[in-house]
Every structure is written in structure tokens, then in C-alpha cells.
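Fold and contact review
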2 protein chains.
Amino acid sequence: MTDKIIVIDTLGSDEGAESIILGALASLNAHKDLSICLIGPKTLIESKIKELRIDPSKVEIVDTEECITNYENPMTAIMSKPNSSLVKALKKVDDDNRYIGLITAGNSGAIIMGSARFLLTKDRTRPCMAACLPNAKGSFTCVVDTGATIDVTAYQLVEFAKLGSEFMKKTYKIPSPKVGLLSNGAEPTKGNKLVKEAHPLLKEVESINFVGNIEGNKALSGDCDVLVCDGFAGNQVLKNTEGTAKLLIMDLIKYAKVNNKPEYMDAAKYLMSKYDISTLGAAIVLGIRKPILKIRGNSSSETVINATGMLLNFNAGDSLFEGKFN
Amino acid sequence: MTDKIIVIDTLGSDEGAESIILGALASLNAHKDLSICLIGPKTLIESKIKELRIDPSKVEIVDTEECITNYENPMTAIMSKPNSSLVKALKKVDDDNRYIGLITAGNSGAIIMGSARFLLTKDRTRPCMAACLPNAKGSFTCVVDTGATIDVTAYQLVEFAKLGSEFMKKTYKIPSPKVGLLSNGAEPTKGNKLVKEAHPLLKEVESINFVGNIEGNKALSGDCDVLVCDGFAGNQVLKNTEGTAKLLIMDLIKYAKVNNKPEYMDAAKYLMSKYDISTLGAAIVLGIRKPILKIRGNSSSETVINATGMLLNFNAGDSLFEGKFN
């Protein structure tokens with residue numbers, strides 16, 4: 001084993017463990033100084049190691065076939081399933097400093113509950129989940145929370161704002177990240193109950209640069225570096241952006257084929273290289289001692305390779321997301 | 001005056017009354033059998049009628065300079081401002097059958113409160129606001145509510161579902177519109193408190209074809225004809241779709257210019273013709289006796305011309321949105 005080991009939870013993907021295992025093993029070829037610790041079905045993992053002729057000394061295996069599904073209550077599952085792949089993975093990453101981070105396709109709520117149980121920082125802030133999306137200024141907007149905490153309080157939104165702001169300072173070297181609050185109108189009086197309660201609280205926080213409400217059509221305008229929202233709304237921003245980008249790209253491809261315009265296909269490929277949000281593939285848990293990347297339930301092995309690269313970059317002090325989008 | 005008069009509230013636009021007045025008067029040239037009733041500053045309206053050499057017999061004027069702003073509490077404003085352009089417009093459209101509908105750029109909440117006060121149907125359903133967005137199947141998805149009622153109950157979501165379903169039956173001739181509930185996961189257990197409460201209620205409604213939860217990336221996949229959500233989330237779907245489409249189109253235009261690829265510019269124009277949501281310009285109030293189109297606060301006169309065309313189509317029994325998107 002090398003000094004940098006990434007823990008990978010191979011269960012929890014909609015596509016089964018195999019695509020995650022294949023991606024994890026392939027990332028060993030992509031990154032020579034990497035070792036991995038795979039949590040999952042030992043027999044399957046061993047057969048894939050042989051099949052791909054991977055050096056077995058680079059792979060630690062923690063055997064389990066139990067996983068936490070998307071249908072389970074996150075807190076109950078974390079407490080009652082100590083042998084689940086996610087709980088075993090969290091314990092492992094907490095184990096010693098050689099484990100630099102965790103990649104999992106598991107239940108978002110359970111990831112947050114598990115992070116809070118095993119990886120809290122000294123100040124015991126509640127962790128949240130963030131994703132960085134490409135914005136109109138050619139930079140990235142950090143959306144917090146993207147779906148880990150669905151029903152939140154105004155005070156939690158303030159915590160999310162602080163965590164997102166710290167993250168953008170650290171990884172994108174932005175001295176004073178602009179923090180916006182997602183709302184249905186730019187006026188400070190607009191919003192649902194939660195947003196109306198959070199707005200004055202955010203204004204009071206001296207450690208962040210609060211720029212007020214941001215409407216959905218400005219979410220990725222670059223008017224803010226951090227977009228604060230509850231997990232339900234943040235999940236909509238993330239997934240609606242993905243869906244809309246896909247809608248336009250697919251339409252362009254179809255139009256190119258039907259009308260025999262190959263140059264439109266090139267334009268579609270250009271857009272796909274920048275805005276195929278589904279292959280970004282990762283949200284990051286903020287506010288804990290080790291980075292955890294949450295990849296999609298339907299992740300391909302390519303996504304796993306990207307995610308290991310992101311964790312290695314992050315470990316080396318670089319931006320987490322930049323590589324993927326450019 | 002002809003038999004078809006559209007009432008237009010000329011105040012409430014961010015750009016001032018002038019662009020709305022100009023659009024309203026220009027629509028008289030576009031639609032020969034149309035008359036309009038303009039609610040707003042009489043002197044300004046009369047000067048524009050002269051300037052554009054419009055037949056004054058086609059324009060009824062209701063003089064007022066008072067308007068309801070976006071900063072006001074909707075209910076309080078409707079009750080306490082009988083001379084505001086919106087209240088005068090609502091009374092006018094309620095007046096007699098020749099007034100076929102209303103176009104306004106006013107405060108969404110006030111439009112709903114005013115609709116509920118002046119234009120309720122016999123069954124006294126609470127009205128909601130809907131917009132039809134182009135989907136991946138080449139058809140339209142009706143999003144209800146798009147921002148008129150921000151904090152809603154599960155029972156209100158059921159009403160929105162029924163209204164959206166009726167609307168899609170009537171205007172798009174879909175026999176049994178598929179109704180989806182916007183959530184952060186496809187599983188019935190996923191959602192915020194509101195969604196979890198609404199899901200079983202929607203399942204029980206016999207008059208609608210409920211297909212379950214729809215995630216944000218599937219909002220415009222065409223998997224549902226009606227997408228039910230609270231006004232806050234629906235506003236995000238509407239505006240995030242607009243913002244993301246604009247992000248991709250603008251990026252393509254920039255890339256075309258920088259790299260001198262005019263064929264990319266053509267591709268961008270194709271996308272703009274279908275997905276420039278901001279020029280759709282209208283959401284419709286459902287569940288009231290006369291159609292009300294809400295146009296954007298920053299609407300151009302072109303948007304007003306489109307909106308009058310939509311109301312005329314609707315009055316003639318055609319789809320409301322089809323013309324604009326194709």
C-alpha cells in the first residue's frame with residue numbers, strides 16, 4: 001500500500017457494485033501513487049483484480065454485502081447497520097491519516113448522518129453537501145446544500161453559507177466569496193418562510209460576504225460564488241441544470257442528424273464537454289475532517305476514475321472540480 | 001370597440017409603463033379584430049396613441065397612476081388599494097363578456113389574491129399559476145405553481161394537480177395527462193415534509209393520472225405532462241430552466257465569435273428559437289373565470305404582443321403556448 005489510500009464504497013450504486021469496482025481498479029492505472037481500499041463483496045472484487053491483472057498489493061478489501069438503500073431512514077440505517085458498506089467505509093476513513101478520503105454512491109442523507117457520527121470537526125458543525133457548477137463568468141458556483149438535508153432551519157442555512165464560503169476561499173482562492181440566498185425574487189421581502197427567516201440572519205454574519213437573494217435564473221450567472229439553499233431546492237438547482245443542459249444538447253444532436261448538419265454536432269459536443277453535469281459525478285461533504293465525494297447512484301466507472309482524480313487533486317491542495325470542467 | 005377586448009395592466013413592469021403600452025398598441029396592428037382596455041396613466045397612453053396613429057376607438061383607457069409593487073404584502077395590497085392598476089384591471093375583466101382576459105406584469109402573489117377575490121369559479125378552488133415549458137418529447141410540460149403561492153399545504157398541491165391536469169386536457173387535448181410530483185428522488189419515500197405528505201394524497205385522487213415523484217433532471221423529460229410543486233420550487237424550475245438554457249446559448253455564441261465559427265452561431269440561434277424561456281413571457285392563472293396572463297416584470301413590448309396573441313388563440317379554443325414555442 002502507498003501513503004495515499006482512497007476508500008471506495010462499492011455498494012449503493014443503482015448499477016450494482018461491478019461498475020464502481022471496475023472504475024476503482026482502473027483509477028489505479030491512471031494514478032500510479034494511489035492505493036485503494038474497497039468496501040464490498042470480497043469474492044467479486046478479487047475476481048476483478050485477477051481479470052484486470054491489477055497488483056493486489058495496491059488494494060485493501062473490507063468484505064461486506066450489506067448496504068444502505070435509498071428507501072431507508074438515514075439516521076436509523078446508520079445506527080442499526082454497522083456492517084453496511086457505508087458505515088464500514090466511514091470507520092475506515094477515520095482510521096488513520098493514510099486514508100485521504102472516501103468515494104460513495106450511497107444514500108445522501110445517510111452519508112450526512114454518518115459523516116456527523118464519525119467525522120465531525122472539533123466545532124461540531126453539521127456537515128452539508130456541496131457541488132460546484134460552471135457559471136456564466138467562466139468560473140464555478142458552489143451550491144450548498146445539494147440534497148443531503150432536505151428540511152432545514154434558517155440557522156442551518158447560515159452554517160451552510162459559512163461552510164460554502166470557507167470552501168471557495170480554500171479551493172478557489174477567492175478572498176471574499178459572494179454568498180447569495182436562493183429565492184423566488186431578488187427583493188429581500190421575497191421568499192418562502194425559511195428564506196425570509198434566513199435573510200436577516202445571513203446579513204448579520206460578519207465572516208461572510210452576503211449579497212442578498214438570488215433568483216433561479218441567476219443561480220449560475222456568477223453573481224454569487226456560493227448559492228445557499230435547503231437540500232430540496234439545492235437538489236432542484238443541481239438536477240434541473242443537468243436536465244436542461246441535456247435537453248438542449250440532445251435537441252441539437254437530433255437536429256444535426258435529421259437535417260444532416262454535422263457542424264451542429266460539433267457544437268453539441270462542445271456544449272457536452274462543459275455542461276454534461278451527470279459526468280461531473282460528485283458532490284462533496286463540507287464541514288468534516290476528511291473529504292467525502294458522493295457520486296451518483298447510476299455512476300459509470302468513468303465517474304469513479306474522475307472522482308479519485310478529484311480527491312488526489314484536493315489532497316494536493318488544488319481545486320476539487322476544476323479539472324473536470326475544463 | 002370590437003367584441004374581443006383584452007384588458008392590459010400597464011403598470012407593474014420594471015421597465016415602466018411605456019414598453020407595455022407600446023406593445024399593447026402594436027398588438028392592435030397584429031390582430032385586426034382586437035380592442036384593448038389599458039389601465040394606467042391616461043396622458044401617457046393618449047400621447048402614444050397619437051404618436052403611433054392608432055385608431056382611438058379601439059382603445060378604452062382607465063386612468064390610474066397607482067400600482068402594487070413587488071415589495072408589498074399581496075393580500076394587504078389588494079384590500080387597501082382599490083385604485084391600483086391591478087385591482088382596476090381585475091374589476092374590468094370581471095365586468096362583461098366582451099373582456100376576454102387580462103395581461104399584467106404585476107406582483108404574482110397579488111395577482112393570485114386578486115384573482116381569488118374577483119374571479120373565483122363557483123367551486124371556489126384556490127387559483128394557481130402555471131407555465132408550459134418545452135420538453136424532451138417535443139411537447140410541453142405544465143408546471144404548477146410557478147411562484148404565486150410560495151408556502152403551500154399538501155391539500156393545495158392536490159388542487160394544483162387537478163387544475164394543471166384539467167388545463168392540459170382542455171388546451172393540449174391530452175386525454176389523461178400524466179401528473180408528477182417534483183421531488184429530490186424518484187422513490188415515494190423521498191421528499192421534503194410537504195412532498196411526503198402530498199404523495200399519498202395525490203395517489204388517492206381518482207380524477208388525475210398520478211405517476212409519482214419526478215426528480216429535477218426529469219422535470220422536462222416529458223415523463224409527466226403536469227409537474228406539481230409549491231410556488232417556491234416551481235419558480236426555481238421555471239427560472240433555472242431559463243437560466244441554464246441562456247448559459248449554454250450564450251456560451252455557444254461566445255465560442256462562435258472567439259473561434260470564428262459562424263456555424264456555431266446558427267446552432268445557437270436554433271436553440272434560442274426554442275428555449276429562450278424569457279420571451280415566452282407568460283404564465284397563466286388557472287382555476288378562475290377568465291384567463292389572466294402574467295408577463296415578466298422586465299417584459300418588452302414584443303412579449304406583450306405575444307401575450308395578446310396567446311389570449312386570442314386561447315379564446316378561440318386553441319392551445320395557449322403552442323404558437324410561441326414552434
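Here the structure is a predicted model, which means the values were calculated and not measured. (Residues numbered from 1 in each chain as written. Chains lettered and ligands numbered in written order. Predicted model: local features only at pLDDT ≥ 70, side-chain atom pairs only at ≥ 80, totals over all residues. Heavy atoms only, no water.)

1. Structural notes on the relation of the copies chain A and chain B
For the pair of chain copies, the relating transformation is a rotation about an axis with a translation along it. Expressed as a screw transformation, the operator carrying chain A onto chain B has a rotation angle of 180 degrees and an axial translation of 0.0 Å, and the superposed copies differ by an RMSD of 0.0 Å. In short, the pair behaves as if placed about a two-fold rotation axis. When the interface residues of chain A are mapped onto chain B, 100% of them again lie at the interface, so the same face is used by both copies. (Least-squares fit on C-alpha atoms with pLDDT ≥ 70 in both. Contact = heavy atoms within 4.5 Å.)

2. As for the interface of chain A and chain B
On the side of chain B, 49 residues touch chain A, which itself brings 49 residues to the contact. Taken together, both faces of the contact between chain A and chain B bury some 4,500 Å²; the carbon and sulfur share is 62%. Per-residue buried area on chain A facing chain B is highest for A:Phe232, A:Leu247 and A:Leu248; these three make up 14% of the total on that side. Inspection of the chain A/chain B interface yields four salt bridges. The partner of B:Lys239 in a salt bridge is A:Glu215, with the nearest N and O atoms 2.3 Å apart. One can count 22 residue pairs in polar contact (both at pLDDT 80 or more) joining chain A with chain B. At the level of elements, strand E7 (178-183), helix H7 (193-204), helix H8 (231-258) and helix H9 (262-275) of chain A are the ones that each hand at least two residues to the side of chain A that touches chain B. (Buried area = accessible area lost by both parts, 1.4 Å probe. Salt bridge = Lys/Arg side-chain N within 4 Å of Asp/Glu carboxyl O. Polar contact = N/O pair within 3.5 Å; in protein donor to acceptor, adjacent residues only side chain to side chain. Helix = DSSP H or I, 4+ residues; strand = E, 2+ residues; numbered from the N terminus.)

3. Some points on the packing of helix H6 (residues 154-172) of chain B against helix H7 (residues 193-204) of chain B
The packing of two helices is summarised by the inter-axis angle and the distance between the axes. Residue and element names in this part refer to chain B. Running from N to C, H6 and H7 point in directions that differ by 50 degrees, and their axes come no closer than 8 Å. Between H6 and H7, the interaxial angle falls into the category oblique. The element H6 and its partner H7 pack so that their crossing is right-handed. Residues Ala-154, Tyr-155, Leu-157, Val-158 and Ala-161 of H6 touch H7, and the partners they reach there are Leu-194, Glu-197, Ala-198, Leu-201 and Leu-202. Per-class residue counts for the contact of H6 with H7 are nine nonpolar, no polar and one charged. (Axes fitted to C-alpha atoms, helices over the stretch in contact; angles between N-to-C directions. Parallel < 35°, antiparallel > 145°, perpendicular 65-115°, else oblique. Left-handed = near helix turned anticlockwise from the far one by under 90°. Nonpolar A, V, L, I, M, F, W, Y, C, P; charged D, E, K, R; others polar.)

4. Digging into the sheet that holds strand E8 (residues 209-215) of chain B
Residues and elements named next belong to chain B. With mixed pairing, 11 strands are arranged side by side in an open sheet as E3-E2-E1-E4-E11-E10-E5-E6-E9-E7-E8. Edge positions in the sheet fall to strand E3 (59-63) and E8, since each of these pairs with one other strand and no more. Averaged over all pairs of adjacent strands, the angle between strand axes in this sheet comes to 25 degrees, irrespective of strand direction. As paired elements, strand E5 (residues 128-134) and strand E6 (residues 140-144) share five bridges and run antiparallel to each other. (Pairing = 2+ DSSP bridges.)

5. Focus: the nonpolar core
By size, the foremost hydrophobic cluster in this structure holds 226 residues, and its most contacted members are A:Leu252 and B:Leu252. In this view, A:Leu252 contacts A:Tyr264, A:Ala267, A:Ala268, A:Leu271, B:Leu252, B:Ala267, B:Tyr270 and B:Leu271; residues no more than four positions away in its chain are not counted. (Core = buried A, V, L, I, M, F, W, Y, C linked by side-chain atoms within 4.5 Å. Buried < 20%, exposed > 50% of the residue type's maximum accessible area, 1.4 Å probe, protein only.)

6. Observations regarding the pairing of E3(B)
Residue and element names in this part refer to chain B. Where strand E2 (residues 34-40) and E3 come together, five bridges link them in parallel fashion. Across the sheet, Cys-37 pairs through a bridge with Glu-60, a residue of E3. Between E2 and its parallel partner E3, the chain crosses via helix H2 (residues 42-51), and the hand of that crossover is right-handed. (Right-handed = clockwise from strand over helix to strand, strands pointing away.)

7. Some details on the packing of helix H1 (residues 17-30) of chain A against helix H11 (residues 301-315) of chain A
Residue and element names in this part refer to chain A. Their axes nearest at 7 Å, the elements H1 and H11 cross at an angle of 45 degrees. Between H1 and H11, the crossing angle belongs to the class labelled oblique. Here H1 runs over H11; the crossing is right-handed. Between H1 and H11, the residues in contact are Ser-19, Ile-20, Leu-22, Gly-23, Ala-24, Ala-26, Ser-27 and Ala-30 and Ser-301, Val-304, Ile-305 and Thr-308, respectively.

8. Thoughts on unusual backbone geometry
Both trends apply: most residues other than glycine have a negative phi, and most peptide bonds are in trans. Residue and element names in this part refer to chain A. The omega angle of the peptide bond from Val-144 to Asp-145 is -5 degrees, so this bond is cis rather than trans. Relative to the elements of secondary structure, Asp-145 occurs in the loop between strand E6 (140-144) and helix H6 (154-172). Even without glycine at this site, Arg-53 takes up a positive phi of about 50 degrees. Secondary-structure assignment places Arg-53 in the loop between helix H2 (42-51) and strand E3 (59-63). The class for Arg-53 is exposed, based on a relative accessible area of 78%. For Lys-173, which is not glycine, the phi torsion reads 55 degrees and is therefore positive. Position of Lys-173 relative to the elements: it lies in the loop between H6 and E7.

9. Some words on H1(A)
For H1(A), which comprises 14 residues, the first-to-last C-alpha distance of 20 Å matches the rise-based estimate of 20 Å (1.5 Å per residue) to within 8%. Looking at the buried side of H1(A), the elements it contacts are strand E1 (4-9), strand E2 (34-40), H2, E3 and H11 of chain A. (Expected span 1.5 Å × (residues − 1).)

10. Here we look at the side chain of B:Lys92
Residue and element names in this part refer to chain B. Following the sequence through the fold, Lys-92 ends up in helix H4 (residues 85-95). By relative accessible area, which is 17% here, Lys-92 ends up buried. Discounting residues that sit within four places of it in the chain, Lys-92 has contacts with Val-7, Cys-37, Glu-60, Val-62 and Tyr-99.

11. Re H7(B)
Buried within H7(B) we find B:Leu194, B:Val195, B:Ala198, B:His199 and B:Leu202. For H7(B), the angular spread of the buried residues around the axis is 130 degrees, confining them to a single face. Those residues of H7(B) that are exposed and angled more than 90 degrees off the buried face are B:Lys193, B:Lys203 and B:Glu204. Buried residues along H7(B) sit in contact with H8 of chain A together with H6, strand E7 (178-183) and E8 of chain B. (Arc of directions from axis to C-beta.)

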